[in-house]
Amino acid sequence: MRTVYLDNNATTRIAPEVLEAMLPFLGDSYGNPSSMHSFGGGVRRHIDRARGQVAALIGADAEEIIFTGSGTEGDNTAILSALKADPTRAHVVTTRVEHPAVLALGKQLEREGRRVFWLGVDAEGMLDPDEVRAAVRDCTGVVSVMYANNETGVVFPVEEVAAIAKACGCAFHTDAVQAVGKVPIDMRRSVIDYLALSGHKLHAPKGVGALYIRKGTKFNPLIVGGHQEMGRRGGTENVASIVGLGAACELAARTMEEERTRVKALRDRLERELLSRAPDTRLNGHPARRLPNTANISFEYVEGEAILLRLNELGICASSGSACTSGSLEPSHVLRAMGVPYTAAHGSVRFSLSRYTTDEEIDFAIERVPPIIRELRAISPFGRGPAK
Amino acid sequence: MWDYSEKVMDHFLHPRNVGEIPGADAVGEVGNIACGDALKLYLKIDPDGRVADAKFQTFGCASAIASASALTEIIKGMTVEEAGRVTNDDIARHLGGLPKEKMHCSVMGREALEAALANLRGEKPVPAEEGRIVCTCFGVTDAQIARVVRENRLTTPEEVTHYCKAGGGCGGCVPEIQEIIDEVRRKELEKETRPGPAARPMTNIQKIGRIQETIEKEIKPALRLDGGDIELIDVVGNTVQVAFRGACAGCPASGVTVASVVERKLREFVSPEITVEEVQG
């Protein structure tokens, strides 16, 4: 059975060019970049090159980039670094719709006695900068707002929020894991202090990420150890994956236009067709201010896990915000923060595309999803009109 | 991804007995769309008091659909009385087990069946659970919690959440759930120390299930220590037919001693009326 992979916000395939760039470092070029001999030391220039490639994608200087093990590590490093930099500023401002990488850290900081202000979003999942203005105080140490939401794809006005934070004298961090490579980001025209990204969301391997730290920012490492990453992140470098991340960033710079045109057109078609072919469906998230690859659709009266497992039988991969898929009993915190009714949250499905998604795959999804919804609704006691 | 059994996937992908029964003799409806699952069960009862037909509609995940489908398969052909003794464990067993986090789907099946049987008796068509709401997130009462604890021998609040969702929202009621668990356990201990009236009779399915479980958990491990084994051949009324394998087969002592040990265990764990018979199988 073929796989129709529409779950690219969960993870992406490694681009063939990326894999090729990595292979020497999983084979003969296994030296340690910290070594004095050229067999190891020679590897260093490949890491430097990757650092330059990552920096170029987001308009940063190479020395502003450190490599991490994941997006989560980047987020944790940034927020904790900012809080440590000024102990008099203990207050934290973030949103209710963050990825668990930030959400769970915020909850832990609360348990440790810090005050955390949780910003809400409107029905379209959008953040209001005025609320940030009202929330930041003289004692706020860090404001952390994601660049784009992983579930709905909604893109937040992070530059505006960053400016508000900076005006108040606090650090600004953004979890840009879903945005990097899909929307243009230029740190030269930005006041963001910290920006976290992850390799496996942009066709690099899992287990590698990067953190942008603006030059002049007082930085405190999360992981201490050797002098790697100029003493900012201890641990022998994950050379092959770092090289892969560099290659993926260079590729992304070239293919971003395709994300914004061809991929977006496919996403729009999928969305339009599903909304028109299946009655009682709704789009979750701001219709325009969104990542070009993400569609989050609620199918009323049916439950997300059931939809996913039926799709799975056809080889279609997607995600859901339903309670059952998470193992928790509550549906997605993002959809609940948006005030999406529980009935619609339980039946939400996220389709996320990539530049490897084909026309034919979208045709297949458009053809096969509506009958599954119809069949599950035929089993459901709800949505039968007044005769129910 | 959940580790669903083949039977769960089969019932999910090919649910049996889906739909409504026009002019049903009884309807049971539990759960609601906001909580994430709901089940509506329709029963047709024939003049001899047997379940002639059972159909369902459900909103829920794969295991909710499978549990409802399995329930209808179990109760069709049963007398109303027998159907009244079906437990959530029977449903889970029929499906070859459910992931522990999904046990509440089997409990929903049992609750819908009870609601339908109450409806048949002309009582309120909602699960007539007495009690006070403990979990406000999911609207679960102390009586419902005590019942899943008792019937499934639960020991932790986490297990209670898996079985009836209570405690799975804000978590504010977890200490109270622990108190209910402690209370149930205290009562069980009291009951064990003084002989009470006999437990309500089991269905054949329940009896066979418990015999199998006792053989697997209580008897086989002991026999295997001596290089022997046992196989359940048949259950006829209260007579359990077994065959001995390995070192036990052909052992002159097996007929007398081993069979009597098996009998004693089965009497202890299943029913005092059990007799064991060794057969060649």
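Per chain, residues are indexed from 1 in the order of the written sequence. To read the labels, note that chains go from A and ligands from 1, taken in the order they are written. Local features in this predicted model are restricted to residues of pLDDT 70 or higher, and side-chain atom pairs are both shown and tallied only at a pLDDT of 80 or more, whereas totals for entire chains, interfaces and linings draw on every residue. As a convention, hydrogens and water are excluded, and side-chain values are obtained from all of the structure's heavy atoms.

Novice: Any details on the environment of Gly27 of chain A? Residues and values, ideally.
Specialist: All names here are of chain A. Secondary structure elements follow DSSP: runs of H or I no shorter than four residues count as helices, runs of E no shorter than two count as strands, and numbering proceeds from the N terminus. Topologically, Gly27 is positioned in the loop between helix H1 (16-26) and helix H2 (38-57). We classify Gly27 as partly exposed; its relative accessible area is 33%. When the C-alpha atoms of Gly27 and Val121 are compared, they prove to be 48 Å apart, with 94 residues separating the residues in sequence. A simple rule labels every residue: compare its accessible area, found with a 1.4 Å probe on the protein chains alone, to the largest value its type can have, and call it buried under 20%, exposed over 50%, or partly exposed in between.

Novice: Lay out the domain arrangement of chain A in plain terms, naming residues and giving numbers.
Specialist: Residue and element names in this part refer to chain A. A domain assignment, automatic or from a database, supplies the domain bounds used here. In terms of domain boundaries, chain A breaks down into domain 1 (4-11 + 256-383) and domain 2 (16-252). For domain 1 versus domain 2, the distance between C-alpha centres works out to 28 Å. Contacts were defined at the residue level, with two residues in contact if any of their heavy atoms lie within 4.5 Å. The partner domain 2 presents 34 residues to the 27 residues of domain 1 that form the contact. When domain 1 packs against domain 2, close to 2,700 Å² is buried across both sides, 56% of that on carbon and sulfur atoms. Whenever Lys or Arg places a side-chain nitrogen within 4 Å of a carboxyl oxygen from Asp or Glu, that contact is recorded as a salt bridge. Taken together, the links from domain 1 to domain 2 amount to zero salt bridges. By convention, the term buried area covers the 1.4 Å-probe accessible surface removed from two parts as they join, with the contributions of both added.

Novice: Please set out the domain arrangement of chain B residue by residue, giving values where relevant.
Specialist: Domains assigned within chain B are domain 1 (6-120), domain 2 (133-193) and domain 3 (204-278). Computed from C-alpha atoms alone, the centre-to-centre distance between domain 2 of chain B and domain 3 of chain B is 34 Å.

Novice: Hey, could you go over the pattern of salt bridges for me, with residue numbers and the actual values?
Specialist: Applying the stated criterion across every chain, the model contains 46 salt bridges over all chains. Among the ionic pairs, Glu73 of chain A bridges to Arg233 of chain A, the shortest N-O distance being 2.7 Å. Taken together, the positions of Glu73 of chain A in helix H3 (residues 71-85) and Arg233 of chain A in the loop between helix H7 (228-231) and helix H8 (239-277) put the pair 160 residues apart, joining distant regions of the chain. No difference in accessibility class separates Glu73 of chain A from Arg233 of chain A, as the two residues are buried. With a shortest N-O distance of 3.9 Å, Asp142 of chain B and Arg132 of chain B are connected by a salt bridge. Here Asp142 of chain B is found in helix H6 (residues 142-152), whereas its partner Arg132 of chain B is found in the loop between helix H5 (103-120) and strand S4 (133-135), with ten residues between them in sequence. Connected through salt bridges with shared partners, the residues Lys264, Arg267, Asp268, Glu271 and Arg290 of chain A form a single ionic network.

Novice: Now, about the packing of H5 of chain B against H6 of chain B: what can you tell me, with residues and values included?
Specialist: Helix-helix packing: each pair is described by the crossing angle between the helix axes and the interaxial distance. All names here are of chain B. Closest axis-to-axis distance for the H5/H6 pair is 13 Å, and the angle between their directions is 115°. Judged by the twist between their axes, the crossing of H5 over H6 is right-handed. Along its contact with H5, which presents Val107, Arg110, Glu111 and Glu114, the element H6 presents Gln144, Arg147, Val148 and Glu151. Three categories are distinguished: nonpolar for Ala, Val, Leu, Ile, Met, Phe, Trp, Tyr, Cys and Pro, charged for Asp, Glu, Lys and Arg, and polar for the others, with Gly belonging to the last. Taken together, the residues that form the contact of H5 with H6 break down as two nonpolar, one polar and five charged. All axes here are fitted lines through C-alpha atoms, helices being fitted over the stretch that makes contact, and every angle between N-to-C directions spans 0 to 180 degrees. Throughout, a crossing is termed right-handed when the near helix is turned clockwise from the far one, and left-handed when it is turned anticlockwise from it by less than a right angle.

Novice: Explain the interface of chain A and chain B residue by residue, including any values.
Specialist: Taken together, the contact between chain A and chain B spans 25 residues of the former and 32 residues of the latter. For the chain A and chain B pair, buried surface summed over both sides reaches about 2,200 Å², with 72% attributable to carbon and sulfur atoms. Viewed at the interface, chain B and chain A are joined by one salt bridge. Linking Lys102 of chain B and Glu305 of chain A is a salt bridge whose minimum nitrogen-to-oxygen distance equals 2.6 Å. Within 3.5 Å is the distance limit for a polar contact, defined as a pair of N or O atoms, with the added protein rule that one can donate a hydrogen and the other accept it, and that residues adjacent in sequence qualify only through two side-chain atoms. Connecting chain A to chain B are seven residue pairs in polar contact (both at pLDDT 80 or more). Elements supplying a minimum of two residues to the side of chain A that touches chain B: helix H9 (304-313), helix H10 (323-326), helix H12 (342-346) and helix H13 (359-379) of chain A. Among the elements that take part in the side of chain A that touches chain B, H9 of chain A stands out by supplying six residues, more than any other. Considering only residue class, the side of chain A that touches chain B consists of twelve nonpolar, six polar and seven charged.

Novice: Tell me about the side chain of His173 of chain A, residues and numbers included.
Specialist: All names here are of chain A. The topology assignment puts His173 in strand S6 (residues 171-175). The exposure class of His173 is buried, given its relative accessible area of 0%. Residue contacts for His173: discarding those within four places in its chain leaves Gly74, Asp75, Ala78, Ile79, Val142, Val143, Ser144, Val145, Tyr194, Leu195 and Ala196.

Novice: Kindly report on the sheet that holds strand S1 (residues 26-32) of chain B, identifying the contributing residues and their values.
Specialist: Residue and element names in this part refer to chain B. Strand pairing requires that DSSP identify at least two bridges connecting the strands. Across the sheet, which stays open at both edges, the three strands sit in the order S1-S2-S3 with antiparallel pairing between neighbours. Lying at the two open borders of the sheet, with one neighbouring strand each, are S1 and strand S3 (51-59). Across the sheet, the axes of successive neighbouring strands diverge by a mean angle of 10°, strand direction being ignored. Examined bridge by bridge, strand S2 (residues 37-45) and S3 share eight bridges and lie antiparallel to one another. When the sheet's bridge partners are listed, Ala38 is paired in S3 with Phe59. Across the face of the sheet, helix H2 (residues 62-75) comes into contact with S2 and S3 while running at roughly 175° to S3. The sheet contacts of H5 involve S1, S2 and S3, and relative to S1 the element is tilted by about 140°.

Novice: Explain the side chain of Ser5 of chain B residue by residue, including any values.
Specialist: Residue and element names in this part refer to chain B. Considering the arrangement of structural elements, one finds Ser5 in the segment before helix H1 (6-13). Residue classification places Ser5 among the buried positions, given a relative accessible area of 18%. Engagement of the side chain of Ser5 in a polar contact is seen with the backbone nitrogen of Val8, the distance being 3.1 Å. Residues contacting Ser5, with those up to four places away along its chain left out, are Leu95, Gly96 and Gly97.

Novice: Any details on the nonpolar core? Residues and values, ideally.
Specialist: With 89 residues, the main nonpolar core has Phe299, Leu311 and Phe351 of chain A together with Leu43, Ile75, Ile145 and Val160 of chain B as its most contacted residues. The contacts of Leu311 of chain A, once residues within four sequence positions are left out, are Ile316, Ala318, Phe351, Val369 and Ile372 of chain A. One finds Val121, Ala162, Leu251 and Val334 of chain A within the second-largest nonpolar core, a separate group that totals 71 residues. We call a set of buried residues a nonpolar core when its members are Ala, Val, Leu, Ile, Met, Phe, Trp, Tyr or Cys and they connect through side-chain atoms within 4.5 Å of each other.

Novice: Got a sec to walk through the environment of Glu29 of chain B? Specific residues and values, please.
Specialist: Position of Glu29 of chain B among the secondary structure elements: in strand S1. Residues Glu29 of chain B and Ala66 of chain B, spaced 37 residues apart in sequence, show a C-alpha to C-alpha distance of 17 Å.

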